[in-house]
Every structure is written in structure tokens, then in C-alpha cells.
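# Examination of the molecular architecture
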Amino acid sequence: MNLYKQINPIAYENTYILEKEQSLLVIDPGSDWESIKRQLLILEKPISAILLTHTHYDHILSLERLRETFHRPPVYVAEAEAAWLYQPIDNLSGLPRHDDLEDVICRPAEHFYQYDTPYTIDDFTFQVVPTPGHSIGGVSVIFPSEEVVFSGDALFRETIGRSDLPTGNQDQLLRSIRQQLFTLPNHYRVYPGHGGDTTIGHEKTFNPFF
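These remarks concern the structure in this document. (Residues numbered from 1 in each chain as written. Predicted model: local features only at pLDDT ≥ 70, side-chain atom pairs only at ≥ 80, totals over all residues. Heavy atoms only, no water.)

Time to look at the pairing of strand S13 (residues 189-192). Examined bridge by bridge, strand S10 (residues 148-152) and S13 share 4 bridges and lie parallel to one another. Bridge assignment links Phe 150 to a residue of S13, and that residue is Tyr 191. Across 2 bridges, the pairing between S13 and strand S14 (residues 198-199) is antiparallel. The residue bridging Val 190 from the neighbouring strand is Thr 198, located in S14. In textbook terms, the turn of a hairpin is the stretch between consecutive antiparallel strands, and for S13 and S14 this stretch comprises 5 residues, one of which, Gly 195, has a positive phi near 80°. (Pairing = 2+ DSSP bridges. Helix = DSSP H or I, 4+ residues; strand = E, 2+ residues; numbered from the N terminus.)

Take a look at the structure:
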């Protein structure tokens, strides 16, 4: 699996494009639509799905343009945050501190995540685990064959996601990481929603929250 990372200017959010022989997945399409589109056009393969780790505005700013430009690939989201896609206050774009942004209003997702069975979508096989605590519907996406996990805003390199936003809870976040991520093998590489990548073993050893 080839992985392409786009660091978006708003909130330095990471968008990931995953490539296999026949198709692509997009994780968390952020603010730099032109760069995201350029990479997708270079790869020139169909997008099998768009996976959202959660629905804060910085992770969905290019969602509608991505859908409209690339034949409306299905969107997957946690049911607990599904309505946030079209509710600017909940996705935080409608708060007074973000008056410099337009309200982010997206169409509903096509699918809610199921946590009890692996997914196989075209070339890709993965599983989704709930990792709430940064937000109530936060998830992480695990690719066992590739030995990688996309942790959204739960686990970062040597830190964790903030828990002071609506529906955040630090105890829940720490529990999510211990139960869902630290049970993975130490060599699994972690690709977070912000910042650089790391490994499970590195975080067990060096993350000050643990």
C-alpha cells in the first residue's frame, strides 16, 4: 500500500490518500483542496471510500468538493457524530472563534461504522475501532496487513488529543488508547490527524500521558 500525506494549512491537519493496485481510500479530507485534488488526479484511480476519523471541521473541509469532483465516493463516519457533518456548531466551524471561516455544511454520510467485523472495500481490508475522548465519535482505522493505524485526534506522537472541546473526556480518551491502540503490536506505525507519525511501542515508552 502506498501512502500519501497532505498537511493542510488550517490546523495543520493531515489528510491521507492510500493507494493499492486498483483503487484509493481518502482519510479526513482537510482544507487544501487543490493539493488533495492534484494528488488524486496524478494517481488516476477510483476512490473506493472516504473514511472520517471524526467530524471536526478541519477534517472535513474538502469533503463536499471531493465528493462532487470524484463521482461521489461513499463516506463512512461514526453514528455518534454523523449529524455534525451538517451542523456547524457541532463540527466547530460555526463557533464565534471561527468567524474567519464559512460554516462547514456537508451532506449526510452513506455509512455508519460497524465495529464488530472487518471491512473489505475493493483492494483494502481494514477494521475500525472506537477511540472516543477527543470527541464522542472518534475512531481509529487499522490495516492489519500493512501493520498501520490511523488514529485521528486520539493518539499523537508523544501526546494525545485535546479533551476540552464539546463531548471530550480525557479519562475516556486515555482508556480508548489503552484498550484499542496499545493492544496492537509495538511495531505498528501510527499516522495521526496532526503531526508526525510514530509507533505503538514508542508511545508506550515515551508518551508522558502513559
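Attention now goes to the sheet that holds strand S3 (residues 24-27). The mixed open sheet is built from 6 strands, whose spatial order is S1-S2-S3-S4-S5-S6. What marks the edges here is a single partner per strand, and that holds for strand S1 (2-7) and strand S6 (111-112). Two strands pair when backbone bridges link them, and strand S4 (residues 47-51) and strand S5 (residues 75-77) are joined in this way by 2 bridges, in the parallel orientation. Among the inter-strand pairings, Leu 51 is bridged to a residue of S5, identified as Tyr 76. Along the sheet face, helix H1 (residues 33-43) touches S1, strand S2 (14-19), S3 and S4 and points at about 5° away from the line of S2. (Contact = heavy atoms within 4.5 Å. Axes fitted to C-alpha atoms, helices over the stretch in contact; angles between N-to-C directions.)

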